[in-house]
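Spelled out from the first residue to the last, the chains are:
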Amino acid sequence: MKNPFNIQNSIIGAFTGFINGLFGSGGGTLLVPILNNILKVEEHKSHATALAVIIFLTTTSSAIYISKGTYDVKLTIQAAIGSIIGGILGAKLLSKVTGKFLRISFGIVMIISAVRMIFY
């Protein structure tokens, strides 16, 4: 039986986990391009895998932030409600769009985010 453990995947996970813990981002912003370009994973599977991995990234980082008191309970609950609704809608839409649409729209969102981070 082939060993399913792959050190490259764990290194990628450690890197995205580190960035997520430090900046609160990394699951989608780093993992999707890494899965697409380095591991050559198909677009839809990259996005879905990144979303699944985010569960572990955010749970781990959140536990540390909560233990240190570095969060706002009211804001967290309000954002979580919207995030759940948006997550359901986005996951349903994912299967209906092309890989090209995913690449272009994801790239546009990343560019807008980068510009906002630099200038605002």
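Definitions and cut-offs
- Residues numbered from 1 in each chain as written.
- Predicted model: local features only at pLDDT ≥ 70, side-chain atom pairs only at ≥ 80, totals over all residues.
- Heavy atoms only, no water.
- Helix = DSSP H or I, 4+ residues; strand = E, 2+ residues; numbered from the N terminus.
- Buried < 20%, exposed > 50% of the residue type's maximum accessible area, 1.4 Å probe, protein only.
- Phe/Tyr/Trp six-rings, centres within 6.5 Å; stacked < 30°, edge-to-face > 60°.
- Lys NZ or Arg CZ within 6 Å of the ring centre and 35° of its normal.
- Polar contact = N/O pair within 3.5 Å; in protein donor to acceptor, adjacent residues only side chain to side chain.
- Expected span 1.5 Å × (residues − 1).
- Bend = angle between axes of the 7 residues up to and from the residue.
- Axes fitted to C-alpha atoms, helices over the stretch in contact; angles between N-to-C directions.
- Parallel < 35°, antiparallel > 145°, perpendicular 65-115°, else oblique.
- Contact = heavy atoms within 4.5 Å.
- Left-handed = near helix turned anticlockwise from the far one by under 90°.
- Nonpolar A, V, L, I, M, F, W, Y, C, P; charged D, E, K, R; others polar.
- Salt bridge = Lys/Arg side-chain N within 4 Å of Asp/Glu carboxyl O.

**Student:** How do you make sense of the overall build of the chain when you look at a structure like this?
**Tutor:** Counting secondary structure elements, the chain contains five helices and zero strands. In sequence order, the secondary structure elements of the chain are arranged as α-α-α-α-α. Across its three principal directions, the C-alpha atoms of the chain cover 45 × 35 × 30 Å. Counting all 120 residues of the chain, 18% fall into the buried class.

**Student:** Would you mind showing me how to read the packing of aromatic side chains here?
**Tutor:** Two descriptors summarise a pair of aromatic rings, namely the distance from one centre to the other and the angle between the planes of the rings. One pass over the full model with this rule turns up zero aromatic pairs. Taking NZ or CZ as reference, Arg116 lies 5.0 Å from the ring centre of Tyr120, over its face.

**Student:** Sorry, what's going on with the environment of Thr60 here?
**Tutor:** For Thr60, the location among the structural elements is in helix 3 (residues 43–68). For the pair formed by Thr60 and Val41, sequence separation is 19 residues and the distance between their alpha carbons is 25 Å. A polar contact is formed between the side chain of Thr60 and the backbone oxygen of Phe56, at a distance of 2.9 Å.

**Student:** Teacher, can you tell me more about helix 3 here?
**Tutor:** Note on helix geometry: an α-helix contains 3.6 residues per turn, so any two residues three or four positions apart are oriented the same way. Over its 26 residues, helix 3 extends 37 Å from the first C-alpha to the last, a length consistent with the 38 Å expected when each residue adds 1.5 Å. Val53 marks the point of greatest bend in helix 3, at about 25°. Considered for burial, the residues of helix 3 that qualify are Glu43, Ser46, His47, Ala50, Leu57 and Ser61. At the C-terminal side of helix 3, Gly69 shows a positive phi close to 75°.

**Student:** Explanation requested: the packing of helix 3 against helix 5 (residues 99–119) in the structure shown.
**Tutor:** The axes of two packed helices give the description: the angle between them and the distance between them. With their axes 8 Å apart at the nearest point, helix 3 and helix 5 run at an angle of 55° to one another. It follows from the interaxial angle that helix 3 and helix 5 lie oblique. Of helix 5, the residues touching helix 3 (which contributes Glu43, His44 and His47) are Gly99, Leu102, Arg103 and Phe106.

**Student:** Looking at this structure, how should I read the packing of helix 1 (residues 7–23) against helix 3?
**Tutor:** Interaxial distance between helix 1 and helix 3 falls to 10 Å at its minimum, and their mutual angle equals 40°. Taken together, the axes of helix 1 and helix 3 lie oblique to each other. Taken as a pair, helix 1 and helix 3 cross one another with a handedness that is right-handed. Here helix 1 contributes Thr16, Gly17, Asn20, Gly21 and Leu22 to the contact with helix 3, which in turn contributes Leu57, Thr58, Ser61 and Tyr65. When the residues that make up the contact of helix 1 with helix 3 are grouped by side-chain class, the tally is three nonpolar, six polar and no charged.

**Student:** Whenever I open this one, the pattern of salt bridges confuses me. Can you help?
**Tutor:** Any two side chains of opposite charge can pair, given that their charged atoms come close. Across all of its chains, the model carries one salt bridge by this definition. The shortest N-O distance in the salt bridge between Glu43 and Arg103 comes to 3.1 Å. Of the two residues, Glu43 sits in helix 3 while Arg103 sits in helix 5, which places them 60 residues apart along the sequence. Residue class for Arg103 comes out partly exposed when judged on its relative accessible area of 46%.

Just geometry here; none of it tells us what the structure is for.
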